[in-house]
Amino acid sequence: MTVKHDEGSAKPPTAPHAGELGVDTGGTFTDVICRVDGALSVYKLPSTPAAPDEAVIAGVRRFAGDAASDWRIVHGSTVATNALLENHLARTAYVANAGFADVLTIGRQARRELYALEPAAAPVPVAPELCFEVDARTAADGSALVAVDEAMLRALVERVREAGVEAVAINLLFAFLDADAEQAIEAALRAADPGLTIARGSRVLPEYGEYERGIATWLNAALGPTVGGYLRRLEAALERVAIMHGAAGTVAIDQAADNAVNLLLSGPAGGLLGARFVARSAGLERVLTLDMGGTSSDVALIGRELALTSKTRIADYPVAVPMVDMHTIGAGGGSIAWLDGGGLLQVGPASAGADPGPACYGKGGTEPTVTDAHVVLGRLPASTRLGGDMGLDTAAARAAVARIAEPMGLSVEAAAAGILRVADEAMTAALRVISVARGESVADDSLLCFGGAGPLHACALAEGMGMRRVLIPVFAGVLSALGMLVAQRSRERSISVLEKLQGINAADVERRLAPLREAAIAELADEGVAAEAVRERVSADLRYAGQSASLNLDWRAPADLVAAFHDAHAARYGHRFDLAVELVNLRLHLAGPVPDVELPAVAAGQGRPEPAATTPVHGIDESVPIHDRDGLAAGQHFEGPAIVREAVTTTWIAPGWSVRVDAVGNLLLEA
C-alpha cells in the first residue's frame, strides 16, 4: 500500500510538481495528509491550543519544508468555533434602527426551562452600552422611509469611537431589500477608523429575521479580529492556503478573513466530505457517520449530497448561515469521567485536551478519560504508538481510572467498562437525534466511524442503533484532513423573497439570483475557477403561509414545487394543509471542479491474515490477535475479537463481528 507512517517515509519523494496537503486541527491532534503523484502519506502531531497555527505550520513543514508556496494546501480550522465556545470575542458594537438595539438580548423568547419559575438569565450577546441606534428606516417593500444623513453618521461615528471597540456589527431592518443605509454607515466608520472590523447584515446574511441575521452579523464581527489574526499568521508563514468553510467548500484565505462566521464547523465539514468520498469508494450511497476526536463527537446522515442547514446552534446561539447538517456532543477520547453529587458516573463534556491529555499520554494528566478506559481494558494495547511515535503509560491510565473506581467500590476494569458504556450511550443518543428522531430508518445503512477514537466504539454503537454493517475507512484517523483534499471551491448565497410561490415565475427567480451569481463567480474566478467550470444548484426554503418553520427543496417549476412541498411536509410532519405555499428564501450553491483524487489500491490477498501480535483484553478468555492495518491485503477476512492498529487510530472488533478488507483498504464489518 502506498500509505506510509514510519519516520523514514513521512516526507514524500521530491516531485517535479507541487504536492497537496490537507490539514485539520482538532482539540487534541492536528492531522496532515499529503498527496504526491497519487501516493498518500499521513502525519499526526499534538495540537497547540494556545497558538493553533504553530501545529499547522509544523505539520506543513514536515512535508513541504520551506517550499509551502509551491503546494496546494487546504486547512480546516477550529479557531472560530473555539473562540465562540470559550467566549474569546472582540469588543463589538451593535448598530440597529431606533427602538431595536435590544433585539439580540430579547431573542425569540424561547424558554429553555419551560416550567421554571425563576429561569436562569440568558447571556447578553452585546452589552447595552455597546448597542447604538440610528433613526433611519426602510419599509417592508424596500423603500426608504427615513434615509440616513450626515448628521446621523457623524453622531454614530463619534459614539463608536468613544466606546473603544475592535469591531462593529450593522443590522438594520429590511436591509436585505435595500442595503444603502448599511453601506453608508460602513463607509463612514471605515473612513474614521480603517482598522475596525465591520460586518453588515445585508452582506453576511441577506435574509428576513432580524434576530437570526443580527446574531450572524454580530458573530462575524466579534470573531473577525481573532480569525483574521490567525489567518494572517498562516498566510505569512505558508503564503498560499485555502480554508474550509462550514458548508463543506473552500475559500481563499483573504476572503475567509472577512467571513469569520462561515468558518464555524470548518473542520467537521471536512470530515463529512472525507466520509462521503470514502463511502463511495466502498459502493455505499448513504451512511450514518460518527467522527470521534479527542474532545467531541460529530454525527451526521450522509446521502448523495451533503445536507446543509441554516438552523445550527453553537454555544446556544442560532447560526443561520448555511452549514453542514450535523449534531455535536462533548464526548471524545479525552472526555473526563467523573462522579456527580449523587455518586453517578458521568463522562464529559470537560476534556483533557491535548495538554496534558489523557493520563495514558504520560504528559502529567491525572483525570480518568475514555482513552484511559480503553487502555485499562486492553482494547488500546500497551504496544500502540499514537501518531506513530507516542507511547502509552498503562500505569498512569490505571491510576487515573482508580480515582473513580474506589469511590464506587468497583475494580479498575469494571469502572473502565462503565466509562465506555456511558460514553457509548451518549453517542448512540446523538446518532438517534440525527436519524430516527427525524423519521429516518438506518437499519439497512452502514455506520461509518472515523476520527482518532471512533473506530474503538464502532461495534458497540452499531449494536445500539440496530445496524449490522460498519465501515472503518482507510485513513480513519485523519479522514477530516483527507476531506480537505477532495473539497471543491464553493460559495453559498441566499436572498429572502417572502412571496406566494404560485405567483413566482422563472424570470422573477433569475432576476433575484443574477447579482448573487455574478458576485460569487467573480470570487471563484479570483481563486482560479473558470466560469464555465462552475456547477450551480438552486434550492428554496418553503413553508405554508402563516408558518414560521420552512423546508428546503431543490428548485423546479413552481407548480411542481408546490406539490413537492406538500409531499415533503407530510413525510416530515405526518400531515399536509390546504394552504398557499410561501417562498421564503432562494439559495444558490456554486462550486468549482471536484479535485482529481483517488484512493490507492492495496495489494491483493486471500484468507485470514496472520496477526502481528496478541494481547490480553479484559472480558475475553484468550489473547486477542492484533493486526497491523498496513499489513492487511484486499480480500482478506477475519473474525472478532480482534484489534487493528495503525498510527492514526485503533479499531476494536468485538466478538460476533467479522471483517473484510476491500480493494482500497477499507474495513467492512458485519455483525
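These figures come from a predicted structure and were not determined experimentally. (Residues numbered from 1 in each chain as written. Predicted model: local features only at pLDDT ≥ 70, side-chain atom pairs only at ≥ 80, totals over all residues. Heavy atoms only, no water.)

Asks: How should I be thinking about the sheet that holds strand 3 (residues 39-46) in this particular structure?
Replies: Strand pairs in the sheet, formed through backbone hydrogen bonds, run parallel or antiparallel to each other. The 6 strands lie next to each other as 3-2-1-4-11-12, forming an open sheet whose pairing is mixed. The sheet terminates laterally at strand 3 and strand 12 (250-252), the two strands that pair on one side only. On average, adjacent strands in this sheet sit at an angle of 20° to one another, irrespective of strand direction. Of the strand pairs in this sheet, strand 1 (residues 20-25) and strand 4 (residues 72-76) are connected by 5 bridges, and their pairing is parallel. In the sheet register, valine 23 faces strand 4, and the bridge partner there is histidine 75. (Pairing = 2+ DSSP bridges. Helix = DSSP H or I, 4+ residues; strand = E, 2+ residues; numbered from the N terminus. Axes fitted to C-alpha atoms, helices over the stretch in contact; angles between N-to-C directions.)

Asks: I keep staring at the pattern of salt bridges and nothing clicks. Help me out?
Replies: Close approach of charged atoms allows side chains of opposite charge to pair. Within this structure, the stated rule accounts for 31 salt bridges. Measuring nitrogen to oxygen at the nearest pair gives 2.9 Å for the salt bridge that ties glutamate 212 to arginine 108. Residue glutamate 212 is found in helix 7 (residues 210-238), and its partner arginine 108 is found in the loop between helix 3 (103-106) and strand 6 (131-134); the two are separated by 104 residues along the sequence. According to the relative accessible area criterion, glutamate 212 is partly exposed, its value standing at 22%. Between aspartate 445 and arginine 286 there is a salt bridge, with its nearest N and O atoms 2.8 Å apart. (Salt bridge = Lys/Arg side-chain N within 4 Å of Asp/Glu carboxyl O. Buried < 20%, exposed > 50% of the residue type's maximum accessible area, 1.4 Å probe, protein only.)

Asks: Could you clarify how one ought to interpret helix 4 (residues 150-163) in this entry?
Replies: Count 3.6 residues to each turn of an α-helix, and residues three or four apart come out pointing the same way. Here helix 4 contains 14 residues, and its C-alpha end-to-end distance of 20 Å stays within 8% of the 20 Å for a straight helix at 1.5 Å per residue. Taken together, the buried positions of helix 4 are Met152, Leu153, Leu156, Val157, Val160 and Ala163. Looking straight down helix 4, one finds that the buried residues subtend no more than 125° of arc, so they occupy a single side. Exposed and oriented more than 90 degrees from the buried face of helix 4 are Glu150, Arg154, Arg161 and Glu162. Where helix 4 is buried, its residues touch strand 5 (92-97), strand 6, strand 8 (144-146), strand 9 (167-170) and helix 5 (180-192). One side-chain oxygen of the residue at the start of helix 4 lies 3.2 Å from the amide nitrogen of alanine 151, identifying that residue as aspartate 149. Following helix 4 by one or two positions, glycine 164 adopts a phi angle in the positive range, close to 65°. (Expected span 1.5 Å × (residues − 1). Arc of directions from axis to C-beta. Contact = heavy atoms within 4.5 Å. Polar contact = N/O pair within 3.5 Å; in protein donor to acceptor, adjacent residues only side chain to side chain.)

Asks: I tried to follow the sheet that holds strand 31 (residues 642-645) on my own but got confused; where do I start?
Replies: Pairing is mixed across the open sheet formed by 4 strands, whose spatial order is 28-29-31-32. What marks the edges here is a single partner per strand, and that holds for strand 28 (613-615) and strand 32 (650-653). Along the sheet, successive strands turn relative to each other by an average axial angle of 25°, direction set aside. Here strand 28 runs beside strand 29 (residues 624-628); their pairing, made up of 3 bridges, is antiparallel. Residue pairing across strands places threonine 615 opposite valine 624, the latter belonging to strand 29.

Asks: I keep staring at the state of the cysteines and nothing clicks. Help me out?
Replies: Throughout this description, disulfide means a covalent bond between two cysteine sulfur atoms. Tallied over the entire structure, the rule returns 0 disulfides. With no disulfide partner, cysteine 449 has as its closest neighbouring cysteine sulfur the one in cysteine 459, 8.5 Å distant. Judged by relative accessible area, which is 0%, cysteine 449 ranks as buried. (Disulfide = S-S within 2.5 Å.)

Asks: Could you clarify how one ought to interpret the side chain of histidine 374 in this entry?
Replies: Looking at where histidine 374 falls in the secondary structure, it is placed in helix 10 (residues 370-377). When near neighbours in sequence (up to four residues on either side) are disregarded, histidine 374 contacts Arg379, Leu380, Leu420, Leu456 and His457.

Asks: Explain the domain arrangement of the chain here, please?
Replies: For an interface, size is often stated in terms of accessible area lost upon the parts coming together. Segmenting the chain into domains produces domain 1 (95-212), domain 2 (489-591) and domain 3 (613-670). The centre of domain 1, based on its C-alpha atoms, is set 56 Å off from the matching centre of domain 3. (Domains from an automatic or database assignment.)

Asks: How should I be thinking about the pairing of strand 3 in this particular structure?
Replies: For a regular strand, side chains alternate in direction, first toward one face of the sheet and then toward the other. In terms of residue burial, strand 3 counts as a mostly covered element, since 6 of its 8 residues are buried. Both strand 2 (residues 29-36) and strand 3 contribute to a ladder of 8 bridges, which runs antiparallel. Bridge assignment links valine 32 to a residue of strand 3, and that residue is tyrosine 43. Between strand 2 and strand 3, which pair antiparallel and follow one another directly, the connecting turn spans 2 residues, one of which, aspartate 37, has a positive phi of 55°.

Asks: Which parts of the structure should I look at to understand the UniProt feature "domain: Hydantoinase/oxoprolinase N-terminal" (unreviewed entry) in the chain?
Replies: The positions UniProt marks with the feature "domain: Hydantoinase/oxoprolinase N-terminal" (unreviewed entry) are residues 21-190. Annotation note: span residues 21-190, helix share 29%, strand share 26%, distance between end C-alpha atoms 37 Å. (UniProt positions renumbered as here; feature names shortened; annotations may be inferred.)

Asks: Please explain helix 13 (residues 458-465) as it appears in this structure.
Replies: Within the span of helix 13, buried status applies to Ala458, Cys459, Leu461, Ala462 and Met465. Within helix 13, the buried residues cover an arc of 165° as seen down the axis, which keeps them to one side. Remark: glycine 466 follows helix 13 within two positions and exhibits a positive phi of approximately 70°.

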